[in-house]
Amino acid sequence: MIAPTVRDGTITPDRIDSAAELPIGYTDDQDGGHYRLVPTGTDEYFASSSPIDSWKRFLSPPEALLVRGRSSSTDLEVEPVVPDPVAFAFVGIRACDLAAIGLLDRVFLAPDAVDPTYATRRREVFVVAVGCVHPGATCFCASMGTGPIPRDGYDLALTELYDGDRHEFLVDVGSDRGAAVMADVSGRPAVAADDEAAAARAERAVAAMGRQLDPLDPPRAAANPEHVGWGDVAGRCLSCGNCTMVCPTCFCSATQDRTALLGDGVERWRVWDSCFTADFSSLHGNPVRATTESRYRQWLLHKLVTWHDQFGSSGCVGCGRCITSCPVGIDLTAEIRVLAES
Amino acid sequence: MSGPQHAAPRPSLAVWKFASCDGCQLTLLDCEDELMAVTDRVEIAYFLEASSAVVEGPYDLSLVEGSITTAVDAERIKEVRRQSRTLITIGACATAGGIQALRNFGDVEELLRIVYATPEFLSTLGTSTPISDHVEVDLELRGCPIDRRQLLEVIGAVLAGRKPAIGDHSVCVECKARHNTCVLVAHGTPCLGPVTHAGCGALCPSFHRGCYGCFGPSEGADIAAMTSVLRAQGMSEDEILRLFHTFNAWSEGFREPPVGPVPVALSPSRLSPSRLSPREDRP
Ligand code: SF4
Ligand code: SF4
Ligand code: SF4
Ligand code: SF4
Ligand code: SF4
């Protein structure tokens, strides 16, 4: 069971064994380059916004063994690797992150190139989604059309209805598996007033979104590859790669061959990579994108523009993680606005 | 795939020491289980810290620890290079001049007078410089000390005749892969991870400490942007200089860290009160 949980001063998705490990009584204060846990003084379970890290590591882990083999002076024998089956329940996942998994599905489950690691881990996921009632200052899922209320892709979707003397969950059943689980849960049938209460909270959440992104800006920015703004942001960017690491849809990886010191075993691993590293674009030992400016342009325009050509939608779900986790607080919603100006 | 490991005779390994604390050689000794296991594949031909037996060169692989601080060593490293097919430097001293390169910023004669009772018995250069300033180096392993995994990776790669997987990106990439909490963003602890070369597996942040840059600058490191962040965290110019001037003080980048302006996004007026408060504010 993976759920947002309090760890080392943040809320991050990780393994939990009981509901007591949910971030009860905590929310987060997020801004550019800034994250702090804040006690709510209530016993709400889901008062926080998107957790500091994304859920992608559970579906596409930072390191995955692809192929195992044996080498001799004349031959290389390769055995296929069958990933161990895993059955996850993702509890408390938000609309933006659910949308992000939908995007990763297009990347890793494309009919002509199914990734066995991802497919194995993804197959059984039981999703208990939660609608956000307290979006963070870096959130902009409403702009990206992904949230704050989960629309599909869940087995159960919860809205936490909390106001002092009332603490209930409105449950939306999204699948037969979800219905089977609900059969064992005590409760009362929802009435129109419950739906209205949930809708009012969603409306308030949309109004409280901390950031916005105009969908017309990315193509305008793409048409401005020489805009001075690219140099300006590059002057602030550390090229550290944090933004891509925390982004729930960044899927890039490198392959590494590992040989045992002893014996003739050979393994090929896939490891997370980032378009901010030099190796990422290295051809014949030299990076095609040698400057931070070209790397930042690659990241932003891939996320917001060329993703459309590749996968038919934006690669950004508006979770705001890249803003929070950027040590310098670089904010793509602000950058794209500047870069879109003619 | 064929590699040199199938060819006889065994490749020979030599380990050389220049000005250093021996910490990187200790990392090598710490790999004894793995190294004992490969002795039928590698001949340890010269490694005084482990054995006084010396096999004449040339050597297939030389690991060089330490920096060049004397005229004698400046000559000796040339001989080591001549005797070595592949030369890999190990650690911050060999790769960047080490902590002893702090002398490069001062006057060595004066330091000698302050520290030693009879400085006339000493013969030393005014600088501590990396091996690559003197001879061609095939690969540099960073760190003070080097990372055990990286060392074994390099030896394994040389034996297998393949490219070692030694990335030159930032510590942050490893830190995020480990699912660490970012101490910089979430605790307000100064951390040089964004501009520091990966390789340690983000050791310090894994223990809730900021990285102090012992692997030296990463590829593409923007030091000015980093100092801006540190300033936003309330560090003075002097404190920032001290942070960079440790094991890799003489590396380009860390040598003269440009102090940039506090970024608008991190300016104190935009901060929620908790940003600059100490770590105690977290549960
Ligand atoms: S680009 Fe940023 S805001 Fe958009 S999905 Fe990725 S991390 Fe979230
Ligand atoms: S933004 Fe960069 S790391 Fe992320 S998916 Fe695109 S190319 Fe890959
Ligand atoms: S935008 Fe921020 S997080 Fe991304 S590489 Fe640049 S400095 Fe790092
Ligand atoms: S703790 Fe340091 S190394 Fe880790 S992600 Fe944050 S800045 Fe980078
Ligand atoms: S985190 Fe930084 S200081 Fe710590 S071992 Fe790694 S490179 Fe060295």
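Residues numbered from 1 in each chain as written. Chains lettered and ligands numbered in written order. Predicted model: local features only at pLDDT ≥ 70, side-chain atom pairs only at ≥ 80, totals over all residues. Heavy atoms only, no water.

Trainee: Honestly, the overall build of chain A in this entry has me stumped. Any pointers?
Mentor: A tally of regular secondary structure across chain A gives 12 helices and 16 strands. Taken over C-alpha atoms, the radius of gyration comes to 22 Å for chain A, in line with the 20 Å a tight globule of 342 residues would show. Looking at chain A as a whole, 55% of its 342 residues are labelled buried. Expressed as a percentage of contacts within chain A between residues at least 6 apart in sequence, the contacts between residues at least 24 apart total 66%. Carbon together with sulfur atoms contributes 54% to the accessible area of chain A, which is approximately 14,500 Å² in total. (Helix = DSSP H or I, 4+ residues; strand = E, 2+ residues; numbered from the N terminus. Rg over C-alpha atoms; globule rule 2.2 N^0.38 Å. Buried < 20%, exposed > 50% of the residue type's maximum accessible area, 1.4 Å probe, protein only. Contact = heavy atoms within 4.5 Å. Areas by Shrake-Rupley, 256 points an atom, 1.4 Å probe, with all protein chains shown as cover.)

Trainee: Would you take a moment to explain helix H6 (residues 192-207) of chain A for this structure?
Mentor: A turn of α-helix holds 3.6 residues, and therefore any two residues three or four places apart point the same way. All names here are of chain A. Relative to the 22 Å expected for 16 residues at 1.5 Å per residue, H6 spans 23 Å between its end C-alpha atoms, a close match to the ideal helical length. Buried within H6 are the following residues: Asp194, Ala197, Ala198, Arg201, Ala202 and Ala205. Projection of H6 onto a plane perpendicular to its axis shows the buried side chains occupying an angular sector of 135°, all on one side. Exposed and oriented more than 90 degrees from the buried face of H6 are Ala192, Glu196, Glu203, Arg204 and Ala207. (Expected span 1.5 Å × (residues − 1). Arc of directions from axis to C-beta.)

Trainee: Mind showing me how you'd approach the sheet that holds strand S5 (residues 63-71) of chain A here?
Mentor: In a beta sheet, neighbouring strands pair by backbone hydrogen bonds and run either parallel or antiparallel. All names here are of chain A. Sheet architecture is open: four strands sit in the order S6-S5-S14-S13, paired in antiparallel fashion. The sheet is open, and its two borders are formed by strand S6 (76-80) and strand S13 (253-259), each paired with just one other strand. The mean angle between the axes of side-by-side strands here comes to 25°, regardless of whether they run parallel or antiparallel. Across five bridges, the pairing between S5 and S6 is antiparallel. Residue pairing for S6: Ser71 is matched across the bridge by Leu76. (Pairing = 2+ DSSP bridges. Axes fitted to C-alpha atoms, helices over the stretch in contact; angles between N-to-C directions.)

Trainee: Explain the site of ligand 1 here, please?
Mentor: Neighbouring ligand 1 are 13 residues, the closest being A:Cys247, A:Cys316, A:Cys319, A:Gly320 and A:Cys322. Elements supplying a minimum of two residues to the shell around ligand 1: helix H10 (292-311) and helix H11 (321-325) of chain A. (Near = heavy atom within 4 Å.)

Trainee: Explain the pattern of salt bridges here, please?
Mentor: All names here are of chain A. For the structure shown, the criterion picks out 33 salt bridges over all chains. For Arg258, the salt bridge is made with Glu63, and the minimal N-O distance between the two is 2.9 Å. One end of the pair, Arg258, is in strand S13; the other, Glu63, is in strand S5, and 195 residues separate them in sequence. Judged by its relative accessible area of 22%, Arg258 is partly exposed. (Salt bridge = Lys/Arg side-chain N within 4 Å of Asp/Glu carboxyl O.)

Trainee: What am I meant to see in the interface of chain A and chain B here?
Mentor: The figure often quoted for interface size is the accessible area lost as the parts come together. The partner chain B presents 52 residues to the 56 residues of chain A that form the contact. Buried area between chain A and chain B, summed over both chains or domains, comes out near 4,200 Å², and the portion from carbon and sulfur atoms is 53%. It is A:Arg36, A:Leu238 and A:Leu261 that lose the most area in chain A upon contact with chain B, and together they represent 19% of the buried surface on that side. Counting across the interface, chain A meets chain B through one salt bridge. With its nearest N and O atoms 2.9 Å apart, the salt bridge here joins B:Glu219 to A:Arg295. Run the count over chain A and chain B and you get 16 residue pairs in polar contact (both at pLDDT 80 or more). (Buried area = accessible area lost by both parts, 1.4 Å probe. Polar contact = N/O pair within 3.5 Å; in protein donor to acceptor, adjacent residues only side chain to side chain.)

Trainee: Would you mind showing me how to read the packing of helix H8 (residues 228-236) of chain A against H10(A) here?
Mentor: Packed helix pairs are specified by the crossing angle of their axes together with the interaxial distance, meaning the distance between the axes. Residues and elements named next belong to chain A. Packing of H8 against H10 leaves a shortest axis separation of 8 Å and a crossing angle of 105°. Judged on the interaxial angle alone, H10 and H8 are roughly perpendicular. Listed contacts from H10 to Trp230, Gly231, Val233 and Ala234 of H8 are Thr292, Glu293, Tyr296, Arg297, Leu300 and Leu301. (Parallel < 35°, antiparallel > 145°, perpendicular 65-115°, else oblique.)

Trainee: Would you mind going over the site of ligand 4 with me for this structure?
Mentor: Taken together, the residues surrounding ligand 4 are A:Asn242, B:Val171, B:Cys172, B:Cys175, B:Lys176, B:Cys182, B:Val183, B:Leu184, B:Cys191, B:Gly193, B:Pro194 and B:Pro205. This site is not confined to one chain, since residues near ligand 4 come from chains A and B. Those elements that place two or more of their residues in the shell around ligand 4 are helix H7 (171-177) and helix H8 (183-187) of chain B. In terms of residues, the shell around ligand 4 owes the most to one element, H7(B), which gives four residues. Class assignment of the residues belonging to the shell around ligand 4 gives a composition of nine nonpolar, two polar and one charged. (Nonpolar A, V, L, I, M, F, W, Y, C, P; charged D, E, K, R; others polar.)

Trainee: Explain helix H2 (residues 95-108) of chain A here, please?
Mentor: All names here are of chain A. Given a rise of 1.5 Å per residue, 14 residues ought to cover 20 Å, and the 20 Å separating the end C-alpha atoms of H2 matches this to within 8%. The buried fraction of H2 is high, at 11 of 14 residues. Taken together, the buried positions of H2 are occupied by Ala95, Cys96, Asp97, Leu98, Ala100, Ile101, Leu103, Leu104, Asp105, Val107 and Phe108.

Trainee: What exactly am I supposed to notice about the packing of aromatic side chains here?
Mentor: Given two aromatic rings, their pairing is described by the distance between the two centres and the angle made by the two planes. All names here are of chain B. Applying the stated criterion across every chain, the model contains 19 aromatic pairs over all chains. Here Phe105 and Trp250 contribute two aromatic rings whose centre-to-centre distance is 5.3 Å and whose plane-to-plane angle is 80°, an arrangement assigned as edge-to-face. Note that Phe105 is positioned in the loop between helix H4 (91-96) and helix H5 (108-115) and Trp250 in the segment after helix H11 (237-244), a separation of 145 residues in sequence. Taken together, a centroid distance of 5.0 Å and an interplanar angle of 70° make the contact between Phe244 and Phe254 edge-to-face. Placement of the pair is Phe244 in helix H11 and Phe254 in the segment after H11, with a sequence separation of 10 residues. (Phe/Tyr/Trp six-rings, centres within 6.5 Å; stacked < 30°, edge-to-face > 60°.)

Trainee: What is the right way to look at the domain arrangement of chain A in this model?
Mentor: Residues and elements named next belong to chain A. What the domain assignment reports for chain A is domain 1 (2-208) and domain 2 (220-340). The C-alpha centroid of domain 2 is placed 23 Å from the C-alpha centroid of domain 1. Taken residue by residue, the interface counts 44 residues in domain 1 and 39 residues in domain 2. Interface area for domain 1 against domain 2, summed over the two sides, is near 3,300 Å², with a carbon-plus-sulfur share of 57%. (Domains from an automatic or database assignment.)

Trainee: Help me understand the domain arrangement of chain B in this model?
Mentor: Residue and element names in this part refer to chain B. Split into domains, chain B comes out as domain 1 (12-160) and domain 2 (171-276). The centre of domain 1, based on its C-alpha atoms, is set 28 Å off from the matching centre of domain 2. Contact with domain 1, which involves 18 residues of that partner, is made by 18 residues of domain 2. Each partner contributes to the roughly 1,300 Å² buried at the junction of domain 1 and domain 2, and carbon and sulfur atoms together form 62% of this total. Here domain 1 and domain 2 share four residue pairs in polar contact (both at pLDDT 80 or more) between them. When contributions to the side of domain 1 that touches domain 2 are tallied by element, the ones reaching two or more residues are H4 and helix H6 (148-160). In terms of residue class, the side of domain 1 that touches domain 2 is made up of nine nonpolar, six polar and three charged.

Trainee: Help me understand the environment of A:Val91, please; the structure alone is not making it clear to me.
Mentor: Residue and element names in this part refer to chain A. Counting through the fold element by element, Val91 comes out in strand S7 (residues 89-93). Between the C-alpha atom of Val91 and that of Val130, which follows or precedes it by 39 residues, the distance is 8.1 Å. With sequence-adjacent residues up to four places away left out, Val91 is seen in contact with Met1, Ile2, Ala3, Pro4, Trp55 and Val128.

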